[in-house]
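# Remarks on the overall topology
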Amino acid sequence: MTFAELLARLGGMGRFQVWYVASLAVPLLMLASHNVLQNFTAGVPEHHCRPRAAANGSAADVPLVVAIPHDGHQRPQRCRRFVEHQWGLLGANGTNGTGGSAATEPCRDGWTYRDGIFTRTVVTEWDLVCEAKALRDVAQSIYMAGVLLGSILFGVLSDRWGRRLVLSCCYLQLGASGTVTSVAPTFVTYCLCRCLGGMAMAGVSINSASLCMEWIPTGARAVVGTINGYSYTLGQFVLAGMAFAFPHWRRLQLAVSLPFFLFFLYSWLLPESARWQVISGRPDLALKGLRKVARVNGRRDEGDKLSPEVLQALGVPGGSGGGVATLIRSPGIRRVSGGVACVWFSTSFAYYGLAMDLQGFGVDVYVSQLLFAAVDVPAKLASAVAVMRGGRRVAQAGSLALAGGCILATMLVPNELQALRLTLAVIGKGALAASFNCAYIFTGELFPTAIRQTGLGLGSTMARVGGMMAPLVRVAGDVAPVLPPIIYGVTPVLSALLTLLLPETRNVPLPETLRDLEMRAGHPKAADAATVTVPLSDTRA
């Protein structure tokens, strides 16, 4: 009997699996809030230099004094002011005239921020504008660096210590770091806490995916993956509503962090992955968990038939994982690891290049957020149909190619046609959301159980490398505005071509050992040499 057949005997996609998936999906809803939170907590309001005080009072008290020069669009310059006050026909605020070629200087007395969509953000709190404006993107890159570290650390730890234990710790860390972020007294403290939150976010993401994958029957994996994807989509709607309700960045940061304390408390009710317990040499614990599953699913008699001997027939205790080095040990796993790395990097790189630039489309930021969230609904539905009918590989490659094409097409659209540019961006973002949906399913099915968590950690790591680089590429737009869309667009197109080299996994049982994977890849010698031993009686499990 294989593990897949054992799950079928215990109820398949029964009440336990439904409860389990729902319990993991609710926290995923809040992850979207943390990933793109800086669209709101680091929003940039209209601003200009604080005027130099006039000789007989403030500049605002002297109606004919020009304190701030204007740009080519007759708007106050953001980062310069006149050294000496100029005379002209002005409005009451002293900023509506022109000062000719008079000398200017940087903003030495701070900035004046206009009331609008954003009231209090980290930008206004620590003046992250003008010479310091790059720090805003640096803060997001530091968050992504935390996610990168978390992907590496928690991927390996969960293969050694268990998925559920690491998941619970990540819930607690995310709630605590987010709460401390909301009271951060300095920008450095803010960045440090965001980094810790990013680490925890990665642990939540990859462990939730593995637990779902390892408790769900083969035929339901695509549907469950799509449900988890829609949790993230719903979270984007929730973020827009919460950002509107809490315009002060500290209150918004706190509001999206406190729920993770609740998730931490109930996560201790979730059973550990029985697959992981078996391959880790803990058949007694696996037996206890499987009997609980049978009881919840109304198959108590089947659970009572289980014994240590039955589990020994499924897997001989021999240790788990093998570490990161296992990902490049043999030809088949190297091809899988390389393809997965490209898919995750390009998807995340292009995704955050679009999603973190909502103000760049010239449309109300709340409307843009809602549109970017709404497109996920049909996109992820289409991806679910594609992975079930057309196959994982075709769906993955197609979504990446479509996203790259839409991003490249924005270069051909004039800036005046904002609606068309936004439409292309929304379609591209939807395709990238579909790509993420496919990637979670595809990656979990490509790697064997023994190193599945490490493999998901690799994918998440490369995604965070892409997420770190995406904000920095936007800086290149100050030199040549055409560079960011070219880079964001070409990368997923190239990755789509590489995806076609990966094996198809539709309707194929999960591989349990590295040997299973190499045999399926047509490398019998490499399979015989594989040393990650998690032998199951039947590789069809």
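Residues numbered from 1 in each chain as written. Predicted model: local features only at pLDDT ≥ 70, side-chain atom pairs only at ≥ 80, totals over all residues. Heavy atoms only, no water.

## Regarding the overall build of the chain
- Tallying secondary structure elements over the chain gives 23 helices and six strands in all.
- Taken over 541 residues, the chain has a buried fraction of 57%.
- About 21,200 Å² of surface is accessible on the chain, with carbon and sulfur atoms providing 65% of the total. (Helix = DSSP H or I, 4+ residues; strand = E, 2+ residues; numbered from the N terminus. Buried < 20%, exposed > 50% of the residue type's maximum accessible area, 1.4 Å probe, protein only. Areas by Shrake-Rupley, 256 points an atom, 1.4 Å probe, with all protein chains shown as cover.)

## What about the state of the cysteines?
- Tallied over the full model, the rule gives zero disulfides.
- The thiol sulfur of Cys195 is not disulfide-bonded, and the nearest other cysteine sulfur, from Cys191, lies at 9.2 Å. (Disulfide = S-S within 2.5 Å.)

## Some points on the confidence of the model for the chain
- Per-residue confidence for the chain gives a mean pLDDT of 79; residues scoring 70 or more make up 82%.
- This stretch, residues 89–100, has a pLDDT under 50; its non-local contacts, to residues over four places away or in other chains, come to 26 contacts. (pLDDT = per-residue confidence, 0-100. Contact = heavy atoms within 4.5 Å.)

## A few points about the packing of helix α5 (residues 134–161) against helix α6 (residues 163–181)
- At their nearest, the axes of α5 and α6 sit 7 Å apart, and the two run at 135° to each other. Taken as axis vectors, α5 and α6 run oblique relative to one another. Listed contacts from α6 to Phe154, Leu157, Ser158, Asp159 and Trp161 of α5 are Arg163, Leu165, Val166, Cys170 and Gln173. (Axes fitted to C-alpha atoms, helices over the stretch in contact; angles between N-to-C directions. Parallel < 35°, antiparallel > 145°, perpendicular 65-115°, else oblique.)

## Some words on the nonpolar core
- Residues Leu24, Phe40, Tyr171, Trp215, Tyr352 and Phe447 are the most contacted members of the largest nonpolar core, which totals 99 residues.
- The contact partners of Tyr352, leaving out residues within four places of it in the chain, are Asn35, Val36, Met144, Tyr232, Arg464, Gly467, Ala470 and Arg474.
- Counting 18 residues, the second-largest nonpolar core is a separate cluster that includes Trp111, Tyr113, Val123 and Trp126. (Core = buried A, V, L, I, M, F, W, Y, C linked by side-chain atoms within 4.5 Å.)

## A short note on the packing of aromatic side chains
- Tallying each qualifying case throughout the model produces 21 aromatic pairs.
- Where Trp126 meets Tyr190, the ring centres are 5.9 Å apart and the plane angle is 50°; that geometry is what we call tilted. Residue Trp126 is located in helix α4 (residues 122–126), and its partner Tyr190 is located in helix α7 (residues 187–215); the two are separated by 64 residues in the primary sequence. Across the pair, exposure class does not vary: Trp126 and Tyr190 are buried alike.
- What links up through ring pairs into an aromatic cluster is the set Trp344, Tyr351, Tyr352, Phe436 and Tyr440.
- Its guanidinium or amino end placed over the ring of Tyr143, Arg194 lies 4.1 Å from that ring's centre, counting from NZ or CZ. (Phe/Tyr/Trp six-rings, centres within 6.5 Å; stacked < 30°, edge-to-face > 60°. Lys NZ or Arg CZ within 6 Å of the ring centre and 35° of its normal.)

## Points about a nonpolar patch on the surface
- On the surface, Met411, Leu412, Val482, Leu483, Ile486, Ile487, Val490, Leu494, Leu497 and Leu500 cluster together into a nonpolar patch covering about 850 Å² of accessible area.
- Looking at the element boundaries, Met411 is found in the loop between α18 (392–409) and α19 (418–446).
- On the accessibility criterion, Met411 (32% relative accessible area) is partly exposed. (Patch = residues over 30% accessible without salt bridge, like charges linked within 9 Å, V, L, I, M, F, W, Y side chains within 5 Å. Salt bridge = Lys/Arg side-chain N within 4 Å of Asp/Glu carboxyl O.)

## Side note on α6
- Over its 19 residues, α6 runs 27 Å from end to end, which matches the ideal 27 Å to within 8%, given 1.5 Å per residue.
- Considered for burial, the residues of α6 that qualify are Arg163, Arg164, Val166, Leu167, Ser168, Cys170, Tyr171, Leu174, Gly175, Ser177, Gly178 and Thr181. (Expected span 1.5 Å × (residues − 1).)

## A closer look at the pattern of salt bridges
- Tallying each qualifying case throughout the model produces six salt bridges.
- The partner of Glu214 in a salt bridge is Arg163, with the nearest N and O atoms 2.7 Å apart. Pair noted here: Glu214 is in helix α7 and Arg163 is in helix α6, with a separation of 51 residues, a long-range link.
- With a shortest N-O distance of 3.9 Å, Lys380 and Asp376 are connected by a salt bridge. Taken together, the residues Lys380 and Asp376, both in helix α17 (residues 376–389) and four residues apart, mark about one turn of the helix. An identical accessibility class is assigned to Lys380 and Asp376; each is buried.
- Among the charged side chains, a network of salt bridges with common partners joins Arg120, Glu125 and Arg250.

## A short note on the environment of Phe436
- In this structure, Phe436 sits in helix α19.
- Given the relative accessible area of 14%, Phe436 is considered buried.
- In the structure, Phe436 is positioned 92 residues away from Trp344 in sequence and 7.7 Å away in space, judged by C-alpha atoms.
- Look past the residues within four positions of Phe436 in its chain and what remains in contact with it is Trp344, Thr347, Ser348 and Tyr351.

## Here's the deal with the side chain of Arg163
- Given the relative accessible area of 0%, Arg163 is considered buried.
- When sequence neighbours within four positions are dropped, the list of residues in contact with Arg163 reads Ser158, Asn207, Ser210, Leu211, Glu214, Glu272, Trp276, Thr449, Arg452 and Gln453.

## Regarding the environment of Leu422
- Residue placement: Leu422 occurs in helix α19.
- The exposure class of Leu422 is buried, given its relative accessible area of 8%.
- Along the chain, Leu422 and Leu371 lie 51 residues apart, while their C-alpha atoms are 9.3 Å from each other.

## Thoughts on a positive patch on the surface
- Taken together, the side chains of Lys288, Lys292, Arg295 and Arg300 present a region of like positive charge at the surface.
- Of the residues forming the positive patch, the biggest block, three residues, is contributed by helix α12 (residues 283–296).
- Its place among the elements puts Arg300 in helix α13 (residues 300–305). (Lys, Arg positive; Asp, Glu negative; His and termini not counted. Charge placed at Lys NZ, Arg CZ, Asp CG, Glu CD.)

## Some thoughts on the side chain of Ser182
- Turning to its location among the elements, Ser182 is positioned in the loop between α6 and α7.
- Judged by relative accessible area, which is 6%, Ser182 ranks as buried.
- Polar side-chain contacts of Ser182 include one of 2.5 Å to the backbone oxygen of Thr179.
- Not counting residues within four places of it along the chain, the set of residues in contact with Ser182 comprises Arg250, Gln253 and Leu254. (Polar contact = N/O pair within 3.5 Å; in protein donor to acceptor, adjacent residues only side chain to side chain.)

## Quick word on unusual backbone geometry
- Although it is not a glycine, Asp127 adopts a positive phi angle of roughly 50°.
- Mapping Asp127 onto the fold places it in the loop between α4 and α5.
- Among the residues examined, Asp127 registers a relative accessible area of 27% and is labelled partly exposed.

## So, the packing of helix α2 (residues 15–35) against helix α8 (residues 221–245)
- Remark: α2 packs on α8, axes separated minimally by 7 Å, with the N-to-C direction vectors making an angle of 45°. Looking at the two axes, α2 sits oblique to α8. Crossing hand, α2 versus α8: right-handed. Contacts between α2 and α8 involve Val21, Ala25, Leu28, Leu29, Met30, Leu31, Ala32, Ser33 and Asn35 from the former and Val224, Ile227, Asn228, Ser231, Tyr232, Leu234, Gly235, Gln236, Val238, Leu239 and Met242 from the latter.
- Residue classes in the contact of α2 with α8 are distributed as 14 nonpolar, six polar and no charged. (Left-handed = near helix turned anticlockwise from the far one by under 90°. Nonpolar A, V, L, I, M, F, W, Y, C, P; charged D, E, K, R; others polar.)

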